[in-house]
Amino acid sequence: MKFLIILLLITTQAQAKLNIIHWTTPEGAKVLFAQTQGLPMLDIALNFDAASSRDGAKFGLATLTNSLLGTASKYHSQEQIIELFESVGAQFSTHSLKDMSIVSLRTLTRQDNLQIALDILTEVVTQPVFKHKYLNREKKQVLRLVKVIKQSPASIASLAFDKAVFAGHPYGHTKIGTKESLVNISTLDLAQHYQIYYVAKNLTIALVGNISRTKAKQIARQISHGLNSGKKAQSNPLVKALKKSQNIHIEFPSKQTHLLIGQTGINRAHSDYYSLYLGNHILGGGGLTSILSDDIREQKGLAYSVVSYFTKMKSNGFFLVKLQTKNDQADQAKKIVIKTLKNFLNHPISSQQLQDGKNNIIYGFALKTASNASILTYLSIIGFYDLPFDYLSRFTDKIKNISAKDIQMAFSRLINMDKFIILSVGQTQ
């Protein structure tokens, strides 16, 4: 155990020295680069502010646009694109969330492999062709997923909670769309969405790997130069605090009830971010060692697991406590969660709980930033959410300096016990 702690401390110190180089391309794309030694690999993430919060009334548009990148380009078919990536051992993927749409590439840094992978990446991102046959195929897959979601109480609960906490906000709808919205989305809609949002000024490029700074600048410029400069997307309105409590029950024929209790949360720039981060880890984010787990699982045996977390969105996310329990125990579990939250707000945590929470985060942080992929994620977050460039190196120091009183006051400022969404999906007893 002692050896593990020493190893983690060394890794943390090494990670703190990670040199993040940043610049802006002539076309307006923001770039963050971290050079790593060892493996001859390069990871690239292109993060566009082009996700489902930009759907407008056509729910699912952003996800469809993102998923069709790589299906066809001006010069190659989908089969040719796949073959070109595979021929050099490169991995290409796309993923779309509520805030950002992502295009990723992992490739070898050997020049021949790297250049082929970069050329085809640049082509599919800067010169896509949206074809009816691929759109119709993707729609069919999404519609099957929509049907599956309707049979999943966990998915039903998650979507219903989003709709309630983000009421009227662009975050409020499902990112994959609905049966009704998907029908009316055309290739023209995809092309228009792409032209507006897949532009250099709306892009954050993250690069991590065993290449030089000069090479990183060449790569970023190659990608950025192929895009229209465009305009940065206007910020979405901030998610407003709830005006009143809501009790929502959705009847579902199951033996277990999914219980979600939460309210409006924060963004990553929130002044209490670090206190809330540490406090939530102690409350319900630290797995089996958390307070909620002890109260719900260990003492009462009401659930196999219970978790609390903040979704840290650009325009404010939410705070949520989530668990699954037997139908006839749902009311008891709800009361204990509410009681635990009240105690957490009204009474400072013990010095031991505070120190244990800090140790878990600080020592675990080294492991979270130990791989190229995890560093790439952090660079994407830092760039996309406009965080300080020394975010990684200062993170553990910020956590070290938090007191129990800081946590109590931060939660008291944010959490309003009279304005909770209490949502359940299960069978009424």
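Residues numbered from 1 in each chain as written. Predicted model: local features only at pLDDT ≥ 70, side-chain atom pairs only at ≥ 80, totals over all residues. Heavy atoms only, no water.

Student: Sorry, what's going on with the sheet that holds strand S5 (residues 101-108) here?
Tutor: Read across the sheet, 6 strands follow the order S1-S2-S6-S3-S5-S4 without closing on themselves; strand pairing throughout is mixed. Of all strands in the sheet, those with a lone pairing partner are strand S1 (20-24) and strand S4 (91-96), marking the two edges. Sheet twist, expressed as the average angle between the axes of neighbouring strands with direction ignored, equals 15°. As paired strands, strand S3 (residues 41-48) and S5 are joined by 8 bridges and run antiparallel to one another. (Pairing = 2+ DSSP bridges. Helix = DSSP H or I, 4+ residues; strand = E, 2+ residues; numbered from the N terminus. Axes fitted to C-alpha atoms, helices over the stretch in contact; angles between N-to-C directions.)

Student: What am I meant to see in the pattern of salt bridges here?
Tutor: Pairing is possible between side chains that carry opposite charge, provided their charged atoms lie close to one another. Per the counting criterion, the structure on display carries 13 salt bridges. Arg54 is paired through a salt bridge with Asp49; the nearest N and O atoms lie 3.0 Å apart. Among the residues examined, Arg54 registers a relative accessible area of 11% and is labelled buried. Asp49 sits in the buried class, given a relative accessible area of 5%. Members of the salt-bridge network, linked through shared partners, are Asp49, Arg54 and Lys314. (Salt bridge = Lys/Arg side-chain N within 4 Å of Asp/Glu carboxyl O. Buried < 20%, exposed > 50% of the residue type's maximum accessible area, 1.4 Å probe, protein only.)

Student: Just to check I follow, could you spell out the packing of helix H11 (residues 291-298) against helix H12 (residues 330-346) for this structure?
Tutor: A pair of packed helices is characterised by two quantities: the angle between their axes and the separation of those axes. Interaxial distance between H11 and H12 falls to 10 Å at its minimum, and their mutual angle equals 150°. Judged on the interaxial angle alone, H12 and H11 are roughly antiparallel. Here H11 runs over H12; the crossing is right-handed. For the pair H11 and H12, the contacting residues are Ile291, Leu292, Asp295 and Ile296 in the first and Ala333, Ile336, Val337, Thr340 and Phe344 in the second. Residue composition of the contact of H11 with H12, grouped by class: 7 nonpolar, 1 polar and 1 charged. (Parallel < 35°, antiparallel > 145°, perpendicular 65-115°, else oblique. Left-handed = near helix turned anticlockwise from the far one by under 90°. Contact = heavy atoms within 4.5 Å. Nonpolar A, V, L, I, M, F, W, Y, C, P; charged D, E, K, R; others polar.)

Student: What am I meant to see in the domain arrangement of the protein here?
Tutor: When the parts of a complex come together, some accessible area is lost, and that lost area is often used as the size of the interface. Split by domain assignment, the protein resolves into domain 1 (20-226) and domain 2 (246-426). Centre-to-centre separation of domain 1 and domain 2, based on C-alpha positions: 29 Å. Between domain 1 and domain 2, the residue contacts involve 38 residues of the former and 33 residues of the latter. Taking both partners together, domain 1 and domain 2 bury about 2,800 Å²; carbon and sulfur atoms supply 76% of that area. At the boundary of domain 1 with domain 2, the tally comes to 2 salt bridges. For Asp386, the salt bridge identified is with Lys30, shortest N-O distance 2.4 Å. Taken together, the links from domain 1 to domain 2 amount to 8 residue pairs in polar contact (both at pLDDT 80 or more). Listed by contribution, the elements that provide at least two residues to the side of domain 1 that touches domain 2 are S1, strand S2 (30-35), S3, helix H6 (153-165) and strand S6 (203-209). Ranked by the residues each element gives to the side of domain 1 that touches domain 2, the list is headed by H6, at 10 residues. (Domains from an automatic or database assignment. Buried area = accessible area lost by both parts, 1.4 Å probe. Polar contact = N/O pair within 3.5 Å; in protein donor to acceptor, adjacent residues only side chain to side chain.)

Student: Would you take a moment to explain the packing of aromatic side chains for this structure?
Tutor: The description of an aromatic ring pair rests on the distance of the ring centres and on the angle between the ring planes. Summed over the entire model, instances satisfying the criterion amount to 21 aromatic pairs. Lying over the aromatic face of Tyr385, Arg268 brings its terminal NZ or CZ to 5.2 Å of the ring centre. For Arg297, the ring lying beneath its charged end belongs to Tyr304, and the centroid distance is 4.9 Å. (Phe/Tyr/Trp six-rings, centres within 6.5 Å; stacked < 30°, edge-to-face > 60°. Lys NZ or Arg CZ within 6 Å of the ring centre and 35° of its normal.)

Student: Would you mind going over the pairing of strand S9 (residues 306-310) with me for this structure?
Tutor: In summary, the side chains of a regular strand alternate between the two faces of the sheet. Where burial is concerned, the two faces of S9 differ: the one with Val306, Ser308 and Phe310 is buried and the one with Val307 and Tyr309 is not. Relative to strand S10 (residues 318-326), S9 is paired through 5 bridges, and the arrangement is antiparallel. Bridging across to S10, Tyr309 finds its partner in Leu320.

Student: How should the pairing of strand S8 (residues 256-264) be read in this particular structure?
Tutor: Within S8, 8 of the 9 residues are buried, which leaves the element mostly enclosed by the surrounding structure. As defined by bridge partners, S8 adjoins S10 across 9 bridges and the pair is classed as antiparallel. The partner of Gly262 across the bridge, within S10, is Leu320. Bridging between S8 and strand S11 (residues 421-426) involves 5 bridges; their strand directions are antiparallel. Note that in S11 the partner of Gly262 across the bridge is Ile421.

Student: Is there a simple way to explain the nonpolar core in this structure?
Tutor: Soluble globular proteins tend to pack their nonpolar side chains together in the buried interior. Ranked by size, the top nonpolar core spans 62 residues in total, and within it Tyr391, Ile407 and Phe411 carry the most contacts. The residue makeup of this core includes at least three contributed by each of domain 1 (20-226) and domain 2 (246-426). Residues within four places of Ile407 in sequence aside, it is in contact with Ser275, Leu278, Gly279, Ile282, Phe344, Ile349, Leu354 and Ile402. (Core = buried A, V, L, I, M, F, W, Y, C linked by side-chain atoms within 4.5 Å.)

Student: Sorry, what's going on with helix H9 (residues 213-225) here?
Tutor: Spacing of three or four residues puts side chains on the same side of an α-helix, whose turn is 3.6 residues. Under the 1.5 Å per step criterion, the end-to-end length of H9 is 18 Å for 13 residues, consistent within 8% with the ideal 18 Å. For H9, the full list of buried residues reads Lys215, Ala216, Ile219, Ala220, Ile223 and Ser224. The arc that holds every buried residue of H9, seen down its axis, measures 165°, which confines them to one face. Opposite the buried face of H9, at more than 90 degrees from it, the exposed residues are Thr214 and His225. Contact partners of the buried residues in H9: S1, S2, S3, helix H4 (111-126) and S6. (Expected span 1.5 Å × (residues − 1). Arc of directions from axis to C-beta.)

Student: Would you mind going over the sheet that holds S11 with me for this structure?
Tutor: The pairing of strands in a sheet happens through backbone hydrogen bonds and is either parallel or antiparallel. Spatially, the 5 strands line up as an open sheet ordered S7-S11-S8-S10-S9, and their pairing is mixed. Every other strand in the sheet has two partners, leaving strand S7 (246-251) and S9 as the edge strands with one partner each. Each strand axis lies, on average, 15° off the axis of its neighbour in the sheet, ignoring direction. Sheet strands in contact with H11 are S9 and S10, and its direction is about 155° off that of S9.

Student: Looking at this model, I keep getting lost on the UniProt feature "domain: Peptidase M16 C-terminal" (unreviewed entry) in the protein. Mind explaining?
Tutor: Look at the UniProt record and you will see "domain: Peptidase M16 C-terminal" (unreviewed entry) annotated at residues 185-360. End C-alpha atoms of residues 185-360 are separated by 46 Å, and the span's content is 41% helix alongside 20% strand. (UniProt positions renumbered as here; feature names shortened; annotations may be inferred.)

Student: How should I be thinking about the side chain of Asp55 in this particular structure?
Tutor: Here Asp55 is to be found in the loop between S3 and helix H2 (61-68). At 3.0 Å, the side chain of Asp55 forms a polar contact with the backbone nitrogen of Gly60. A polar side-chain atom of Asp55 sits 2.9 Å from a polar atom in the side chain of His173.

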